[in-house]
Each structure stands twice: as structure tokens, then as C-alpha cells.
Amino acid sequence: MTSRHFLCLALACCLAPTAARAEVTAPAPDDDQPAPRTYADDSDAPLARIAGPTSGAASILSGRTLGAGRSAVAAAAGWPGVWGELALAPTSEINVHARATFLYGAPIMGLIEGLGGELAIPVRVHVLGDGQIDLAVRMTPRLSIGEGRLFGEREGLGGSLSGGLVVDVHGVMGFAIDPNVTLIAGLGGGAGGSLVDQSPVGLAWVARVAGELGLEALLARDFMLFAHVEAGYGFAPDRSGLPFYPQREVLNVSLGAAYVL
């Protein structure tokens, strides 16, 4: 054996244990980092792991839905009232909300003051997650009752018991400015009926179109503040003499907070 062969053999003997150690040695666990969670199948994994929202950050108003099994409570004040809400996520693609509102303004259209109440069931269906953007379709049936002035009548019937049922459908986007701040934008419309007791109009059709802008800011993993504005225009039957729905602006303003349970 030549000296060159001997040198190659010695070098191979030195490197072999190192290579073997490299194959079997794992880094020491970091006590500060939780062990990665495993899932029995994709149906148990957060939606971000399959075909859903791009972020695990909570959102109750944007196109980014809550993950399966999560829930949140929220409250806000603004126009046309103050409201409280419970949001549930039976799946990561579908979130169902239940919102109760104490009204001191017109819920369908117009900047008219009066007393009433509303129950709404917003349903968000996630349709796209790409990068920082999430898109959803939000469908919201709204049943409201209150004084006649809130539902198109003024003189004489302004205090009559009245109500309205409107179903809104909006496309809504969530854009993650950073991991803790989400910009909200949306566009859509709705239609339904409005009824004032003893009104000559009877059951009247109503419709509206509106755009929305908002912002959600996470102050902690489970707590956020939000601001949301929806504005547009409403449509109702015309009436000679005293106009029906004399004001047809659509305005909803909410400033509030939410907590993820």
C-alpha cells in the first residue's frame, strides 16, 4: 500500500463517524418552542394548512374566517344602534354569526331617529385565500321591528308598530397589512320588504346597494378592536304627496371590540 492510499483510507475512517452522527443526531429540543401539532387528517388541520384563510389571526368582519371550532364574542356602538354578537365556526370555510341590535336609528335606509330592535344572522363563506388576501361572501338576513318612522313613514304613523326583512349579500375582502392589522373592503346589496301598520303603502319592497371599509387591529392573540363603515343608497316605491322613505341614504357605523374564546 502506497502512502497516498494509506492517507485516503485514514481520511475515510475519520469522516465516516462524523457522517453517521450527522444522520442520526437531532437538535436538542427548545423548551421555549411548543412541539409541532400533528393532525389525523387534513379535515382536522387549520384551514391555512389546506385551502382556506392565509393567516391564523382572528377576524370577525373581513374575508378571513375563523378556524374550525373557534368562536368569538363582539360588541360595538355606532349608527343605527348598539349591538352584541356571537360568532361560531362550524367549519373553517363557514362562519355563522348571531347579532342582536338595539336600534335608535333607521335600520334599512335613511338617517331617521327612532326606537326598535334587530336580529341579524351574518354567514361568511370563505372562497379564496392568496398571500395576504382573503375573500368571502357574506349573506345577512336581517329582521327588524320598531316605530313607523324607521320604516318609511313620518307624519301620523311615525309611532306605529312596523318592521322590515332584508337579506344582504356582500363580497368582502381581508387584506393583512401586517400580522396584527387587517384592512376590510366590500361591496354588495340587498332586498326585502317593509311594513308599517295602517300604512296605505302596505307591504312595500325595498332594496339597497352599499360599499364598506373597515379595520381590525389585534392587541393580543385573542383580543381586537375594530372600526367599520358601510355606506350606500336605498330604493323604495315612490308615493305622491308625503314621500315614502323620504331619506334613502344607507349608513352603518360600528366601533367596537371582539374577544376570541
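None of the values given here were measured: they were computed from a predicted structure. (Residues numbered from 1 in each chain as written. Predicted model: local features only at pLDDT ≥ 70, side-chain atom pairs only at ≥ 80, totals over all residues. Heavy atoms only, no water.)

Visitor: Residues and numbers for the pattern of salt bridges, please.
Guide: Going through the model one piece at a time under the given rule, you end up with eight salt bridges. Of the charged contacts, one joins R149 and E147 as a salt bridge, the two residues approaching to 2.8 Å between their closest N and O atoms. Among the salt bridges present, the one from D222 reaches R221, with a minimum N-O distance of 3.6 Å. The exposed category is assigned to R221, whose relative accessible area is 70%. The network of salt bridges with shared partners includes E118, R142, D168 and R208. (Salt bridge = Lys/Arg side-chain N within 4 Å of Asp/Glu carboxyl O. Buried < 20%, exposed > 50% of the residue type's maximum accessible area, 1.4 Å probe, protein only.)

Visitor: Lay out the confidence of the model for the protein chain in plain terms, naming residues and giving numbers.
Guide: The predicted model of the protein chain has a mean per-residue pLDDT of 82, with 77% of residues at 70 or higher. Across the protein chain, strand 2 (residues 81-88) holds the top mean pLDDT of 98, while helix 1 (residues 3-24) sits lowest at 41. When the criterion is pLDDT under 50, residues 1-51 qualifies, and its contacts beyond four places in sequence or with other chains add up to 15 contacts. (pLDDT = per-residue confidence, 0-100. Helix = DSSP H or I, 4+ residues; strand = E, 2+ residues; numbered from the N terminus. Contact = heavy atoms within 4.5 Å.)

Visitor: I'd like to hear about the nonpolar core, residue by residue, with values.
Guide: With 19 residues, the main nonpolar core has I60, L66, A72, A74, F226 and A258 as its most contacted residues. At the level of elements, strand 1 (71-79), strand 2, strand 10 (223-235) and strand 11 (249-260) are the ones that each hand at least two residues to this core. Looking at which element gives the most residues to this core, the answer is strand 1, with three residues. If we ignore the near neighbours within four places in the chain, the residues touching A72 are I60, L66, E85, L86, A87, Y259, V260 and L261. I108, L150, V166 and A210 belong to the second-largest nonpolar core, a separate cluster that totals 15 residues. (Core = buried A, V, L, I, M, F, W, Y, C linked by side-chain atoms within 4.5 Å.)

Visitor: Quick rundown of the environment of N180? Include the residues and the values.
Guide: By the element assignment, N180 lies in the loop between strand 7 (161-178) and strand 8 (181-196). In this structure the C-alpha to C-alpha distance between N180 and A58, which are 122 residues apart in sequence, comes to 9.0 Å. Sequence-distant contacts of N180, defined by excluding residues within four places in its chain, comprise E216, A217 and L218.

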